[in-house]
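Analysis of the macromolecular model
Each chain, letter by letter, is given below.
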Amino acid sequence: MPFHHKVVFIASEIYPFSKTGGLGDVLGAMPLTLRRMGVDVAVITPFYGRLSTGEFKLRLLSSRCPVGYPWAPITAEIYMADYHGLPVYFIQRGEYFDRRFYYNTHEGDYFDNCERFIFFCRACLEWSRRMDVAPRLIHVHDWQAGLVPAYMHFWRRIDPFWRDTKTMLTIHNLAFQGRFASRLFDDCGLPAEAWGMDGVEFWGDFNLLKAGIAYSDLVTTVSPTYAREILTPEFGCGLEGILSKRRAHLRGILNGADYNVWDPSNDRYLPCTYTPDDFEKKANCKESLLDELDLDPRLGDRPVLGFIGRLRRQKGIDLLIDILPRLMKMDLGVVVLGEGNLEFEAQLMELMENYPGRLAVRIGYTEDLAHRIQAASDIFLMPSRYEPCGLTQIYALRFGTPPVATNLGGLTDTIVPYPHPEATGFTFPEATGESFLDSIRQAVDVFDRPDEWKRIMHRAMLADFSWERSAARYLEVYRELGIDV
Ligand code: ADP
Ligand code: GLC
């Protein structure tokens, strides 16, 4: 059987096999959508020790794929799964990927992340090099795959196999750059000329995301507003210079939502499903979650505010912590699901003790609970300090849970803010506790006017962020690169 794919995605997460956040969700949906649109796409990703293989069988394709880094005879095992018709290749090397977490523990990043992901990038390219025909496009995601475009840039000069292969980087979060000591550059296999301001060097360090930005034929990020924001020092995380240089090759394409997974009319984690025409069932979901989380059943009639996300400053969880005592003076309930910063976790747990029956905090990563909170909450909280796209607010819209969110990044591009006649949610201008609290107050006021509230819920549920539309934008960009898709 001939072995080749027109487009190869390289990414460090793909739902349902692996996920720590939105990157996993995007990889679980975008390539599959492209495949359904007729593009021959495959994905390459690490084989983590904690891979959720579920119903999918993994097949060993190669037990000794030579990688050549960090020592010459080193090899990787390659596995494959058929994910609803999408080939997913897994790079396995126990010492690198068979760990409790993907990137870091509570103590910090794994000390050998640079080595792990250089190995990963090199293995992906070695595996792609075995194809009968080279892919036309290698589409990589975030810093973990950032070196691939750099290798390609130099290798296609000397290896005719790669001559017609283009590269594209999608940035999901500019704050995570994969920044390492310069000595790790020495044996990564790039020529000395890559070390410089227009290459992989960043303030004397080796920066893997910058490698992707500098050497990809095209760079995209996950919303049009974030694509503009990252050209400024406020949001550019130090990379605004190189991004501005590459501005003509930078595009913002909004993510989609996978409504096979995130839709209350067919959600397998809910006690009952509902559509825009039967909100009463949403009330049943709420009643059941209040019970599950030991919250006061009287909250059935009062707004319950939900937060789901990584407990990091990015997500503004500290702003929520800051205003919680004041929120608790209002007649409402709050539910928080997340994990991350240990201090935030501890503060939230302490607050929960003070407000039994009104505030529920669950620390941990629980996919099914995330769905139930989306369905049961009345208002979804997203006070992010920056947000490349944000998927949880898009899911919240579909669940009829109007978001209250900062007006920036992908939040701006997905929420129509009240009092617009087509409003689907609420936004506030700056990530401060006061501004956030004002916006929640406004939302609660409208909540108390049921007819108006129902109209907002209804519009939110009908807003369409399906992947087909976003995938069509990606196809346009692929065509800009001369790829016939
Ligand atoms: P980010 O990628 O910045 O974390 P997104 O909104 O794009 O933010 O995606 C977050 C994804 O991770 C969503 O699918 C969300 O439901 C999920 N998620 C985040 N935290 C948790 C958690 N503690 N438990 C379960 N799912 C979570
Ligand atoms: C990142 C961003 C988030 C985005 C996700 C998927 O994790 O923080 O805003 O939705 O990637 O692109």
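Residues numbered from 1 in each chain as written. Chains lettered and ligands numbered in written order. Predicted model: local features only at pLDDT ≥ 70, side-chain atom pairs only at ≥ 80, totals over all residues. Heavy atoms only, no water.

This paragraph deals with the pairing of strand β4 (residues 75-83). With 7 of 9 residues buried, β4 lies mostly within the body of the structure. In the sheet, strand β3 (residues 59-66) pairs with β4 via 5 bridges, with the strands oriented antiparallel. Its bridge partner lying in β4, Leu60 is registered against Tyr79. Both β4 and strand β5 (residues 86-92) contribute to a ladder of 7 bridges, which runs antiparallel. Across the sheet, residue Asp82 finds its bridge partner in β5, namely Pro87. Counting the residues in the hairpin turn of β4 and β5 gives 2 residues, including His84, whose phi is positive at 50 degrees. (Buried < 20%, exposed > 50% of the residue type's maximum accessible area, 1.4 Å probe, protein only. Helix = DSSP H or I, 4+ residues; strand = E, 2+ residues; numbered from the N terminus. Pairing = 2+ DSSP bridges.)

This part covers the sheet that holds strand β10 (residues 179-180). Strand order in the open sheet formed by 3 strands is β10-β12-β11, and the pairing between neighbours is antiparallel. The open sheet is flanked by β10 and β11 (201-202), the only strands paired with a single partner. Sheet topology note: the β11/strand β12 (residues 205-207) ladder contains 2 bridges and is antiparallel. Along β12, the bridge assignment pairs Glu201 with Phe206. Strands β10, β11 and β12 of the sheet are contacted by helix α5 (residues 208-215), whose axis makes an angle of about 60 degrees with β12. (Contact = heavy atoms within 4.5 Å. Axes fitted to C-alpha atoms, helices over the stretch in contact; angles between N-to-C directions.)

Each neighbour pair has its own omega, and for Tyr15 with Pro16 the value is 5 degrees, a cis peptide bond. Within the fold, Pro16 resides in the loop between β1 (7-10) and α1 (22-36). Residue Tyr69 is joined to Pro70 through a cis peptide bond whose omega torsion reads 0 degrees. Mapped onto the elements of the fold, Pro70 is located in the loop between β3 and β4. One non-glycine residue, His84, adopts positive backbone phi at about 50 degrees. In this fold, His84 is placed in the loop between β4 and β5. Owing to a relative accessible area of 48%, His84 belongs among the partly exposed residues under this scheme. Phi is positive for Cys237, which is not a glycine, with a value near 50 degrees. For Cys237, the position within the fold is in the loop between α6 (224-229) and α7 (240-245).

Inspection of the secondary structure puts Pro419 in the loop between α13 (409-414) and β20 (426-428). Distance in space between the C-alpha atoms of Pro419 and Leu137 is 44 Å, their sequence separation being 282 residues.

Before going further, it helps to spend a moment on the packing of α1 against helix α16 (residues 467-480). For the pair α1 and α16, interaxial distance at closest approach is 9 Å and the crossing angle is 70 degrees. Considered as vectors, α1 and α16 are oriented roughly perpendicular to each other. For the pair α1 and α16, the crossing hand works out as right-handed. Of the residues in α16, those in contact with Val26, Ala29, Met30, Thr33 and Leu34 of α1 are Trp467, Glu468, Ala471, Tyr474, Leu475 and Tyr478. Across the contact of α1 with α16, the residue classes break down as 9 nonpolar, 1 polar and 1 charged. (Parallel < 35°, antiparallel > 145°, perpendicular 65-115°, else oblique. Left-handed = near helix turned anticlockwise from the far one by under 90°. Nonpolar A, V, L, I, M, F, W, Y, C, P; charged D, E, K, R; others polar.)

Turning next to the domain arrangement of the protein chain. We note that the domain assignment places domain 1 (7-256 + 468-480) and domain 2 (282-463) within the protein chain. Listed by partner, the interface residues are 22 residues for domain 1 and 21 residues for domain 2. Put simply, domain 1 and domain 2 have 1 salt bridge between them. With a closest N to O distance of 3.1 Å, Glu367 and Lys19 form a salt bridge. Across the contact surface, domain 1 and domain 2 share 8 residue pairs in polar contact (both at pLDDT 80 or more). At the level of secondary structure, the elements contributing two or more residues to the side of domain 1 that touches domain 2 comprise α1 and α6. (Domains from an automatic or database assignment. Salt bridge = Lys/Arg side-chain N within 4 Å of Asp/Glu carboxyl O. Polar contact = N/O pair within 3.5 Å; in protein donor to acceptor, adjacent residues only side chain to side chain.)

Turning next to the site of ligand 2. Around ligand 2 lies a shell of 14 residues, among which His172, Asn255, Glu387, Cys389 and Gly390 are the nearest. Between ligand 2 and Asn255, the relevant distance is 2.8 Å, taken from an oxygen atom to a side-chain nitrogen or oxygen of the residue. Glu387 has a polar side-chain atom sitting 2.5 Å from an oxygen atom of ligand 2. Sort the elements by how many residues they give to the shell around ligand 2 and α1 lands first, with 3 residues. Residue composition of the shell around ligand 2, grouped by class: 6 nonpolar, 6 polar and 2 charged. Among the domains, domain 1 (7-256 + 468-480) and domain 2 (282-463) are the pair contributing at least three residues each to the shell around ligand 2. (Near = heavy atom within 4 Å.)

We now examine the site of ligand 1. Taken together, 22 residues are adjacent to ligand 1, and Lys19, Gly22, Asp25, Arg310 and Gly364 come closest. A distance of 2.8 Å separates an oxygen atom of ligand 1 from a polar atom in the side chain of Lys19. Between ligand 1 and Asp25 there is a distance of 2.6 Å, counted from an oxygen atom to a side-chain nitrogen or oxygen. Surface burial for ligand 1 is 94%, taken as the share of its 560 Å² of free accessible area covered by protein chains. Elements with a minimum of two residues in the shell around ligand 1: α1, β15 (304-311), β16 (333-340), α11 (367-376) and α12 (392-398). (Areas by Shrake-Rupley, 256 points an atom, 1.4 Å probe, with all protein chains shown as cover.)

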